Amino acid sequence: MENVFSLFALTSVIATILTLTSPMAHTEILEVISKVRNVANEGLKGIEPVLLVSASVAASIGALWLLDVIYQDEPLTSRTKRFIFTLVKKIPQVKAKIKEETMKAKESIEEEMNACCKELPQRLSLPEEGLGTEGAIAEATKYLKVIGYDWEKGCLSGTVYNHSEELSKLAEKVYGLSAYSNPLHPDVFPGLRNIEAEIVQMVARLFNGTNEACGTVTSCGTESLVLACKAFRDYAMHVKGIRRPEMVIPVTAHAGFDKAAELLRMGIKKVPVDPATMQCNMRAMRRAISRNTCMLVASAPTFPHGCIDPVQEIAQLGLKYDIPVHVDACLGGFLIP
């Protein structure tokens, strides 16, 4: 159908050119078309019509296949590298070496992950009889006492954010009050809906938001990124008419953007950072923008280094090219205000 529209458009352009040109130029154009047709007919004389039709069909199918190969969500260079790597992995010596290294890595991971749990019983099926209240609590306590790192000293970034006995007891009590509620049904639990709305407005005001700011509470950072990317992708496709939306992100952006790109079938361009400041290279980001760009990303702070990208400069790029900008304040963002 798309090809039919393209042919119709081309015919319309030719008709427009013939209409706008003078009668003399009109005649010359028709003469050129006639000569080309005569040459083509003379060269194809003697060839069976069925062969001409077959060749035309084969050429059309081949052209469509070639376009499909070139224009996919994954760049041609990446697909070529993966194809070559797949062929190399089939070489017997390479295959054996990969298997050997994989087994070493597997054994190392299993040893590290199970080192602290060797004394725990391995339950592989449900017990014949229930453990009872005290038994269940004792069992859970036994498992939770197995600690790989002393997180209470506050040395684990991105794992546990607070160790206050008073605050922990308060959180446990509040969580217990809401454990048997379901935010998916605000008609049944309208108070939860109000809690979510208040949380969103509190966070918005931390970052100079107004009553016009909106948002939603999610289960984790990755879900938040996926939902944001989906909103930008859908806007690009349905409002701006971009068929293959892609995001432009610094290489230091959170891994959740890669997950979102894969799940949502979005393109992703990664730009380098300044080796001294570890901030996004603005010149590289500007060059990476194309007609398919549906979002620009800044981190405040970046996940691996805690640096803050030049948010205002990235925002100016977004305004200049009419591209939405997403600021990821994943880890430590609340400390910025």
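Asks: Go over the confidence of the model for the protein with me, naming the residues and quoting the values.
Replies: Should pLDDT be low for a region, the predicted coordinates there are not to be read in detail. In this model, the protein carries an average pLDDT of 85, and 92% of its residues clear a pLDDT of 70 or more. Note on residues 1-11: pLDDT under 50 across the span, and 2 contacts to partners over four residues away in sequence or across chains.

Asks: Can you break down unusual backbone geometry residue by residue, with the values?
Replies: Along the chain, Ala 300 connects to Pro 301 via a cis peptide bond; the corresponding omega equals 5 degrees. Position of Pro 301 among the secondary structure elements: in the loop between β3 (293-299) and α12 (311-321).

Asks: I'd like to hear about the pairing of strand β4 (residues 325-328), residue by residue, with values.
Replies: Alternating positions in β4 separate cleanly, His 326 and Asp 328 being buried on one face and Val 325 and Val 327 remaining unburied on the opposite face. Taking the sense of rotation as the criterion, the β-α-β connection linking β3, α12 and β4 turns out right-handed.

Asks: Which residues make up the pattern of salt bridges, and what values do they have?
Replies: According to the stated counting rule, one finds 10 salt bridges in the structure shown. A salt bridge links Lys 104 to Glu 100, with the nearest nitrogen and oxygen atoms 3.5 Å apart. Residue Lys 104 and its partner Glu 100 are located together in helix α5 (residues 92-114), separated by 4 residues, close to a single helical turn. Residue classification places Lys 104 among the partly exposed residues on the basis of a relative accessible area of 45%. Note that Asp 234 is salt-bridged to Lys 230, the shortest N-O span being 2.7 Å. With Asp 234 and Lys 230 both in helix α9 (residues 221-238), this residue pair falls 4 residues apart, about one helical turn. Through salt bridges that share partners, Lys 97, Glu 100, Glu 101 and Lys 104 make up one connected network.

Asks: How would you explain a positive patch on the surface if you had to name every residue and give the values?
Replies: A surface patch of positive charge is lined by Arg 283, Arg 286, Arg 287 and Lys 320. Top contributing element to the positive patch by residue count: helix α11 (residues 282-288), with 3 residues. On the basis of relative accessibility, which here comes to 60%, the residue Lys 320 falls in the exposed class.

Cut-offs and rules
Residues numbered from 1 in each chain as written. Predicted model: local features only at pLDDT ≥ 70, side-chain atom pairs only at ≥ 80, totals over all residues. Heavy atoms only, no water. pLDDT = per-residue confidence, 0-100. Contact = heavy atoms within 4.5 Å. Helix = DSSP H or I, 4+ residues; strand = E, 2+ residues; numbered from the N terminus. Buried < 20%, exposed > 50% of the residue type's maximum accessible area, 1.4 Å probe, protein only. Right-handed = clockwise from strand over helix to strand, strands pointing away. Salt bridge = Lys/Arg side-chain N within 4 Å of Asp/Glu carboxyl O. Patch = residues over 30% accessible without salt bridge, like charges linked within 9 Å, V, L, I, M, F, W, Y side chains within 5 Å. Areas by Shrake-Rupley, 256 points an atom, 1.4 Å probe, with all protein chains shown as cover. Lys, Arg positive; Asp, Glu negative; His and termini not counted. Charge placed at Lys NZ, Arg CZ, Asp CG, Glu CD.

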